[in-house]
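Listed below, chain by chain, are the residues.
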Amino acid sequence: MTIRCYRPGDLSPLLQLFYDTVHTVCAADYTSAQLDAWAPEEPDAAAWDASLRSRATLIAEENGVMLGFGNIGPDGYLDLLYVHKDHRRRGVAAVLCDFLETLYPVERVTVHASETARPFFEKRGYRVLRTQQAERRGQALTNYVMEKELI
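Note that residues are indexed from 1 along each chain, following the sequence as it is written. With the structure being a predicted model, the display of local features is reserved for residues of pLDDT at least 70 and the display and counting of side-chain atom pairs for 80 or more, all residues being used for whole-chain, interface and lining totals. Water and hydrogen atoms play no part in the side-chain values, which are based on all heavy atoms of the structure.

### Looking at the sheet that holds strand β7 (residues 139-149)
Phase 1 of the analysis: With mixed pairing, the 7 strands of this open sheet are ordered in space as β1-β2-β3-β4-β5-β7-β6. Looking along the sheet, the strands with just one partner apiece sit at the ends: β1 (2-5) and β6 (127-136). Across the sheet, the mean angle from the axis of one strand to that of its neighbour is 30 degrees, orientation sign disregarded.
Phase 2 of the analysis: Sheet analysis places strand β2 (residues 56-62) next to strand β3 (residues 65-72), joined by 7 bridges and oriented antiparallel. Across the sheet, Glu62 pairs through a bridge with Val65, a residue of β3. We call two strands paired when DSSP finds no fewer than two bridges between them. A run of DSSP states H or I qualifies as a helix once it reaches four residues; a run of E qualifies as a strand once it reaches two. Both are numbered from the N-terminal end. In this description, a line fitted to the C-alpha atoms serves as the axis of each element, helices being fitted only across the stretch in contact, and the angle between N-to-C directions of two axes falls anywhere from 0 to 180 degrees.

Right, dumping it as structure tokens:
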């Protein structure tokens, strides 16, 4: 597995990975309407590209196949962490997190973790600060504001 920085040519496969992963991996924790609101079939590609470029975005790949991606800002907010639905349970998310958590000299990393991702982050030492309802396209999705002390 190789970890590298995001490139503009990654956008289309990254968006497909995001859509497929949300609609399969998270299906046990959210309704179909919530999944459609979270990951619509027609995302705003320009907005995604701008967001991915505005933070440190890393891609995990193997033999030219995108396994996952994640990003973090200089404030320590880990905004995205997704692993391809067919490459889960191989340590991809852990490797991406290891890199992301050390990119910036921050005292803590925060994340808004989904129901699905919460156990992963708890195993990494993150603690829940609060439960919240995030609204996406008229749907309320429960997630957790979590943080991990690094120092």
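### What about the nonpolar core?
Phase 1 of the analysis: Among the buried residues, those of types Ala, Val, Leu, Ile, Met, Phe, Trp, Tyr and Cys that are joined through side-chain atoms within 4.5 Å form a nonpolar core. Note on exposure labels: buried denotes an accessible area under 20% of the residue type's maximum, exposed denotes more than 50%, and partly exposed covers the range between, all computed with a 1.4 Å probe on protein chains only. Of all hydrophobic cores here, the largest spans 21 residues; its most connected members are Leu78, Leu81, Val111, Phe121, Tyr126 and Met146.
Phase 2 of the analysis: Elements supplying a minimum of two residues to this core: β2, β3, β4 (77-83), α4 (92-100), β5 (108-114) and β7.
Phase 3 of the analysis: The greatest single-element share of this core, amounting to 5 residues, is contributed by α4.
Phase 4 of the analysis: Two residues qualify as a contact provided that any one of their heavy atoms is within 4.5 Å of a heavy atom in the partner residue. Those residues within four positions of Val111 in sequence are excluded, and the remaining contacts are Tyr77, Leu78, Phe121, Tyr126, Tyr144, Val145 and Met146.
Phase 5 of the analysis: Membership of the second largest hydrophobic core comes to 20 residues, among which are Tyr6, Val22, Leu35 and Leu80.

### Focus on the pairing of β3
Phase 1 of the analysis: With 7 of its 8 residues buried, β3 lies for the most part within the structure.
Phase 2 of the analysis: Counted between consecutive antiparallel strands, the loop separating β2 from β3 contains 2 residues, among which Asn63 sits at a positive phi close to 50 degrees.
Phase 3 of the analysis: Sheet topology places β3 next to β4; 5 bridges connect them, and they run antiparallel. When the bridges of β4 are listed, Phe69 appears paired with Tyr82.
Phase 4 of the analysis: Here β3 folds back onto β4 in antiparallel fashion, the turn holding 4 residues, of which Gly76 has a positive phi close to 85 degrees.

### Considerations on helix α1 (residues 11-25)
Phase 1 of the analysis: Multiplying 1.5 Å by the helix residue count minus one yields the expected span of that helix. With 15 residues, α1 extends 20 Å from end C-alpha to end C-alpha; this agrees with the ideal 21 Å at 1.5 Å per step.
Phase 2 of the analysis: Within the span of α1, buried status applies to Leu11, Leu14, Leu15, Leu17, Phe18, Thr21, Val22, His23 and Val25.
Phase 3 of the analysis: Buried residues along α1 sit against α2 (32-38), α3 (45-54), β2, β3 and β4.

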